[in-house]
Amino acid sequence: MGYKVILFDFDDTLVDFHDAEVQAYGHLMRHYEVPSHLHDYHRFKEINQNHWEAFQRGEITKAEVLRHRFIATFETYGMTVNGQEADIVFRDGLARAPIKWLAGMMPMLEALHSQYALAIVTNGVTDTQERRIAQTDLHTVIDHIFISDKVGAQKPNVGFFEAVFEVFDQYDKKDFLIVGDSLTSDIQGGINAGIDTCWFNHRQLENKTAIQPTYTIEHITALKEILM
């Protein structure tokens, strides 16, 4: 298709974020000595997702997401916590969690590196994401890393992608492809920015939204067919 720059989301696209989040949740529960019978990771995940989606819709601020997701979570346990402190504990657990690559990802990046400009485009807090990425060898294959906290805008906001285009200013929008697992963040962001999108649906989810990616793949090896 003539692409020259491939933008990869990080969490749950390159690496298994579910695995890291489960470990971070356990770290949080141990810190606050929450009785094991109250542990409900899936409820936390639902609360967390709802908060981030509200942020993407512009209904709450990022700071509110980081605090209130934990206030709401601990309320379900009948506990009151300082949301900001709980966020720090959780993100420390997230940064400490060993990286678990999704199958075939690093070999794919190594193969693409000689033919394309590669970049990571990730939402998140700078310190946490940099600590997690530092566990990997991505610096050997990735040309640039864009973290929303550092950029000052978050996917799917066009401002995030404008920062990307400024760095890769020798390319046109038609040269870009974004690959990510999130319809509302990665795919909608790519659409907003006017570039082609590839939904990496490795968890085989049903698309219940009106968001339509340019491509959909379930295995990373299928990306080769798009790029041929």
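See above for the structure.
A brief report on the enclosed structure follows.

Here is what the cut-offs are and how they apply
Residues numbered from 1 in each chain as written. Predicted model: local features only at pLDDT ≥ 70, side-chain atom pairs only at ≥ 80, totals over all residues. Heavy atoms only, no water. Pairing = 2+ DSSP bridges. Helix = DSSP H or I, 4+ residues; strand = E, 2+ residues; numbered from the N terminus. Axes fitted to C-alpha atoms, helices over the stretch in contact; angles between N-to-C directions. Core = buried A, V, L, I, M, F, W, Y, C linked by side-chain atoms within 4.5 Å. Buried < 20%, exposed > 50% of the residue type's maximum accessible area, 1.4 Å probe, protein only. Contact = heavy atoms within 4.5 Å. 1 Å grid on protein atoms, 1.4 Å probe; cavity = no way out; pocket = protein on both sides within 12 Å on 5 of 7 lines; lining within 4 Å. Points joined across faces, edges and corners; volume = space filled by probe spheres on them. Nonpolar A, V, L, I, M, F, W, Y, C, P; charged D, E, K, R; others polar. Polar contact = N/O pair within 3.5 Å; in protein donor to acceptor, adjacent residues only side chain to side chain. Parallel < 35°, antiparallel > 145°, perpendicular 65-115°, else oblique. Left-handed = near helix turned anticlockwise from the far one by under 90°.

Looking now at the sheet that holds strand S5 (residues 196-200). One open sheet holds the six strands; their spatial order is S3-S2-S1-S4-S5-S6, and the pairing between them is parallel. Only two strands of the sheet have a single neighbouring strand rather than two, namely strand S3 (144-147) and strand S6 (215-217). Strand-to-strand twist across the sheet, computed as the mean angle between neighbouring axes with direction ignored, equals 20°. Sheet analysis places strand S4 (residues 176-180) next to S5, joined by four bridges and oriented parallel. Residue pairing for S5: isoleucine 178 is matched across the bridge by threonine 197.

Before going further, it helps to spend a moment on the nonpolar core. Grouped together as the largest cluster of nonpolar side chains are 30 residues, with contacts concentrated most on Phe8, Leu14, Leu112, Leu138, Leu177 and Leu223. Sorting the residues of this core by element identifies strand S1 (5-8), helix H5 (105-113), strand S2 (117-122), S4, S5, S6 and helix H10 (223-227) as the ones contributing at least two each. At five residues, H5 tops the list of elements feeding residues into this core. The residues contacting leucine 14, other than those within four sequence positions of it, are Phe8, Asp9, Trp101, Leu102, Met105, Leu109, Ile120 and Leu138.

Across all of its chains, the model carries one cavity of 30 Å³ or more by this definition. Forming the boundary of the largest cavity are Val15, Asp16, Asp19, Ala20, Pro98, Ile99, Lys100 and Arg132. Of the residues belonging to the lining of the largest cavity, the class tally is four nonpolar, no polar and four charged.

The subject of this paragraph is the layout of surface pockets. Taking a probe equal in size to a water molecule and rolling it over the atoms shows the remaining empty space. Roughly 1,200 Å³ of internal volume is contained in the largest pocket. Lining of the largest pocket is provided by 42 residues; of these, Phe17, Lys45, Gln49, Asp181 and Ser182 occupy positions nearest its centre. When contributions to the lining of the largest pocket are tallied by element, the ones reaching two or more residues are helix H1 (17-31), helix H2 (41-56), helix H3 (62-75), helix H4 (83-96), helix H6 (126-133), helix H9 (183-193) and S5. In terms of residues, the lining of the largest pocket owes the most to one element, H2, which gives seven residues. In the lining of the largest pocket, the residues fall into ten nonpolar, 16 polar and 16 charged.

It is worth spelling out the environment of threonine 128 at this point. Structurally, the position occupied by threonine 128 is in helix H6. Overall, threonine 128 belongs to the buried group, its relative accessible area being 4%. Between the alpha carbons of threonine 128 and glycine 83 there is a distance of 17 Å; along the sequence they are 45 residues apart. Apart from residues lying up to four places away in sequence, threonine 128 is in contact with Arg91, Leu94 and Ala95. Within the structure, the side chain of threonine 128 is placed 3.1 Å from the side chain of arginine 91, a separation counted as a polar contact.

Turning to the packing of helix H8 (residues 158-167) against H9, a few remarks are in order. It is at 9 Å that the axes of H8 and H9 come closest, and there the two elements cross at 70°. When the axes of H8 and H9 are compared, the pair comes out roughly perpendicular. Between H8 and H9 the crossing geometry is right-handed. In this structure, H8 uses Val158, Phe161 and Phe165 to contact H9, whose residues at the interface are Gly189, Gly190, Asn192 and Ala193. Class assignment of the residues belonging to the contact of H8 with H9 gives a composition of four nonpolar, three polar and no charged.

What follows deals with the pairing of S1. What you see with S1 is no split at all: Val5 and Leu7 on one side and Ile6 and Phe8 on the other are buried throughout. Bridge count for S1 against S2 is four bridges, and the pairing is parallel. Bridge assignment links phenylalanine 8 to a residue of S2, and that residue is isoleucine 120. Examined bridge by bridge, S1 and S4 share four bridges and lie parallel to one another. Residue pairing in the sheet places valine 5 in a bridge with phenylalanine 176 of S4.

What follows is about the packing of H3 against H4. As a packed pair, H3 and H4 sit with axes 7 Å apart at the nearest point and diverge in direction by 95°. The orientation of H3 relative to H4 falls into the category roughly perpendicular. Residues Leu66, Arg67, Arg69, Phe70, Ile71 and Phe74 of H3 touch H4, and the partners they reach there are Gly83, Gln84, Ala86, Asp87, Phe90 and Arg91. Along the lines of polarity and charge, the residues of the contact of H3 with H4 split into six nonpolar, two polar and four charged.

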